[in-house]
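# Remarks on the overall topology
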Amino acid sequence: MSESNPETYSIVVLTGAGISKESGLSTFRDADGIWATVNIDDVATPEAYARDPDRVHAFYNDRRRGLTDPSIKPNAAHDALARLERDWPGEVLIVTQNIDDLHERAGSMNLIHMHGELLKARCERCGTVAPWTLDMSVRTACPSCGRKGGMRPHVVWFGEMPFMMDTIYAALETCGLFLSIGTSGNVYPAAGFVQAVRQAGRAQTVEINLEPSEGATLFHDTVYGPATEMVPQVVDQIFRYGGG
């Protein structure tokens, strides 16, 4: 990013599993990630839930317990993005592919969980979405309607539409800076966000990752290294130079 006077423009930040890995959470697509040991079709599709809801619930119960372990905490990258949102004069929107709550714990507030939230449950009977930290099963009753058999994790499974896509694309089309952090670049629609920004023609685009993503060549700038080191540095540059 080149030096310029700071201006008030909006910033959109996309985050993926790489930012949470340094807090101790498993990624999905690394060689030792979740999908290397569990079949997507068995635990993360509507068909899997219809076929074997007990297995799907067991998978997400295990992940929920892992997320609520006291050792799992926001890291320096989450903290830097919370500072960016708090202190930047323009709007900062964080769009995360992650279903953990580490951004919220760090203090981020203008946040879209496009793939849902692990610490929430949704009733397919009445549509209620409620905070949820306990285990869940087909015998769990909805806290709103009281019926059993309809409670599921409030996450987006493969084959389902991510949340708030209209809001996300509207922000991408008008932002002045787009940051992509810790994402593989091969899961759509998020992998296409940088293309949407480039087509709008008004924003600088920056990838921050351990290694080049599949869409790395689409970014104006790339920064490679641990998120806990690189994200605070880039945020400092944004405040120093205005991100121009």
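Structural notes, computed from the coordinates. Source: prediction; values computed, not measured.

Thresholds, definitions, all that
- Residues numbered from 1 in each chain as written.
- Predicted model: local features only at pLDDT ≥ 70, side-chain atom pairs only at ≥ 80, totals over all residues.
- Heavy atoms only, no water.
- Helix = DSSP H or I, 4+ residues; strand = E, 2+ residues; numbered from the N terminus.
- Expected span 1.5 Å × (residues − 1).
- Buried < 20%, exposed > 50% of the residue type's maximum accessible area, 1.4 Å probe, protein only.
- Contact = heavy atoms within 4.5 Å.
- Phe/Tyr/Trp six-rings, centres within 6.5 Å; stacked < 30°, edge-to-face > 60°.
- Pairing = 2+ DSSP bridges.
- Axes fitted to C-alpha atoms, helices over the stretch in contact; angles between N-to-C directions.

End to end, helix 9 (residues 227-241) covers 20 Å across 15 residues, agreeing with the expected 21 Å (1.5 Å per residue, within 8%). Within the sequence span of helix 9, burial applies to Ala227, Met230, Val231, Pro232, Val234, Val235 and Ile238. On its buried side, helix 9 packs onto strand 1 (11-15), helix 1 (17-21), helix 5 (76-87), strand 7 (177-181), strand 8 (204-209) and strand 9 (221-224). A positive backbone phi angle near 85° is found at Gly242, which sits one or two residues after helix 9.

Let us look at the packing of aromatic side chains. Here the distance between the centres and the angle between the planes together describe a pair of aromatic rings. Scanning the entire structure with this criterion turns up 7 aromatic pairs. A centroid spacing of 6.4 Å and a plane angle of 45° characterise the contact between Tyr60 and Trp157, whose relative ring orientation is tilted. Here Trp157 lies in the loop between strand 6 (151-155) and helix 7 (165-174) and Tyr60 lies in helix 4 (residues 53-67), a separation of 97 residues in the sequence. Exposure class is identical for Tyr60 and Trp157. Each is buried.

Right, let's talk about the sheet that holds strand 8 for a bit. Spatial strand order, 3-2-1-7-8-9: 6 strands in an open sheet with parallel pairing. Here the strands that pair on one side only, and so sit at the sheet edges, are strand 3 (111-113) and strand 9. Going from strand to strand, the sheet's axes swing by 15° on average, the running direction of each strand aside. Relative to strand 2 (residues 92-96), strand 1 runs parallel, the two being bridged by 5 bridges. Bridge pairing links Thr15 to Thr96 in strand 2. Lying on the sheet, helix 9 is in contact with strand 1, strand 7, strand 8 and strand 9; it crosses strand 7 at an angle near 170°.

These figures capture arrangement, not role.
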